[in-house]
Amino acid sequence: METEELHSDREQVTRTDQYGFERPTGSGSDSEPLREQVSNYEAVLRRRAIKWRKLLQGSRVERSLRMKRYIRKGIPNEYRSLIWMTVSGAQTQMEKNPAYYKKLLEMEEDPRLVDAVKTVTKDEEKSFWLLDALIGKIVPDFYTPTMIGLKTDQEVLSQLVKVKVPAVAALMEKHNVMWTLVVGRWFICLFIDVLPVETVLRIWDCLFYEGSKITFRVALTLIKYHQASILEANSFAAICEKFKEIARGSLVQDCHVFMQKIFSEPGRLPLVTITKLRKCSRAEIDAQS
């Protein structure tokens, strides 16, 4: 009986992540390889937690190359709220406007973004200010009536793919597949409900520190890494299906490896290039309106 209970507890651990969410169906939650992967990643988190504890002892959270390097390697969950609030500027805004949140409790917001942030902060006011930083500064004009920011960044991605993965860009043009059909959900949800929870949180670690160019790195990595698979598609429907598959593949399950790849697979991605592409794309969209 005791052995059966232990087996049941172990099975439950592997079927849910550390935040209590069920792992996606088909992720092989009962498999030994996944249990080993989870165990290995937990060991990584323990090592990172020790390093972060030493980094934060007796010092303020400040932007630096060392902080950037630490964030890219992952923020332990016990420090996420502190780091996200500080590096995004949300903490400063909250302190400057102590009564503002209560006046705006009825503000419209995407519940998926709210839930994702509250998973980390466990505090509604902090969640509000993180969303304010996210929507107002990191991805401005994504959630406006015209969604001009979202449309612009999807067009920017299409231009980047032409340069970084030209064969995929050509395939999309050949079959008249609009980018918004295959990556719209990636951008508007910032990968929530698209990639595994821990992978999303690791992406958001970098997003709050480095800004929205991280979304392009993630998208380009998914497309470039799975280029051969995408190019097997020979129809509109098949291309759409391929883009669903690449967001569920083994690459995104191991968030530590995936996050290393987003900083190597796409190559150089200077902010000046993204800014220039955004300006041109915005002008084209405005001209068509």
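This is a predicted model, so every value here is computed, not measured. (Residues numbered from 1 in each chain as written. Predicted model: local features only at pLDDT ≥ 70, side-chain atom pairs only at ≥ 80, totals over all residues. Heavy atoms only, no water.)

(A) How the structure looks around the confidence of the model for the protein chain. Chain-level statistics for the protein chain give a pLDDT mean of 86 and a share of 84% at 70 or above. Contacts of residues 1-13 to residues separated by more than four positions or lying in other chains number four contacts, the stretch itself having pLDDT below 50. (pLDDT = per-residue confidence, 0-100. Contact = heavy atoms within 4.5 Å.)

(B) Structural context of the nonpolar core. Formed by 79 residues in total, the largest nonpolar core has its most connected members in Trp186, Trp204 and Phe243. In terms of residue count, the dominant contributor to this core is helix α12 (residues 197-210) (eight residues). (Core = buried A, V, L, I, M, F, W, Y, C linked by side-chain atoms within 4.5 Å. Buried < 20%, exposed > 50% of the residue type's maximum accessible area, 1.4 Å probe, protein only. Helix = DSSP H or I, 4+ residues; strand = E, 2+ residues; numbered from the N terminus.)

(C) The arrangement of the packing of aromatic side chains in detail. In total, this model carries 13 aromatic pairs according to the counting rule given. Seen in terms of ring centroids, Tyr100 and Phe128 are 6.2 Å apart; in terms of plane orientation they differ by 50°. Their pairing is tilted. Taken together, the residues Tyr100 in helix α6 (residues 100-103) and Phe128 in helix α8 (residues 124-138) connect sequence positions 28 residues apart. Aromatic side chains Tyr100 and Trp129 sit 5.6 Å apart centroid to centroid with 35° between the ring planes, which places their arrangement in the tilted category. In this pair, Tyr100 sits in helix α6 while Trp129 sits in helix α8, placing the two residues 29 residues apart along the sequence. By relative accessible area, Trp129 is classed as buried at 2%. (Phe/Tyr/Trp six-rings, centres within 6.5 Å; stacked < 30°, edge-to-face > 60°.)

(D) Region of the structure containing the pattern of salt bridges. Within this structure, the stated rule accounts for 10 salt bridges. Between Arg60 and Glu62 there is a salt bridge; the shortest N-O distance is 3.9 Å. Since its relative accessible area comes to 70%, Arg60 is described here as exposed. Arg248 serves as the salt-bridge partner of Glu241, at 3.8 Å between the closest nitrogen and oxygen. For Glu241, a relative accessible area of 34% corresponds to the partly exposed category. Salt bridges sharing partners connect three or more residues here, namely Arg80, Glu198 and Asp205. (Salt bridge = Lys/Arg side-chain N within 4 Å of Asp/Glu carboxyl O.)

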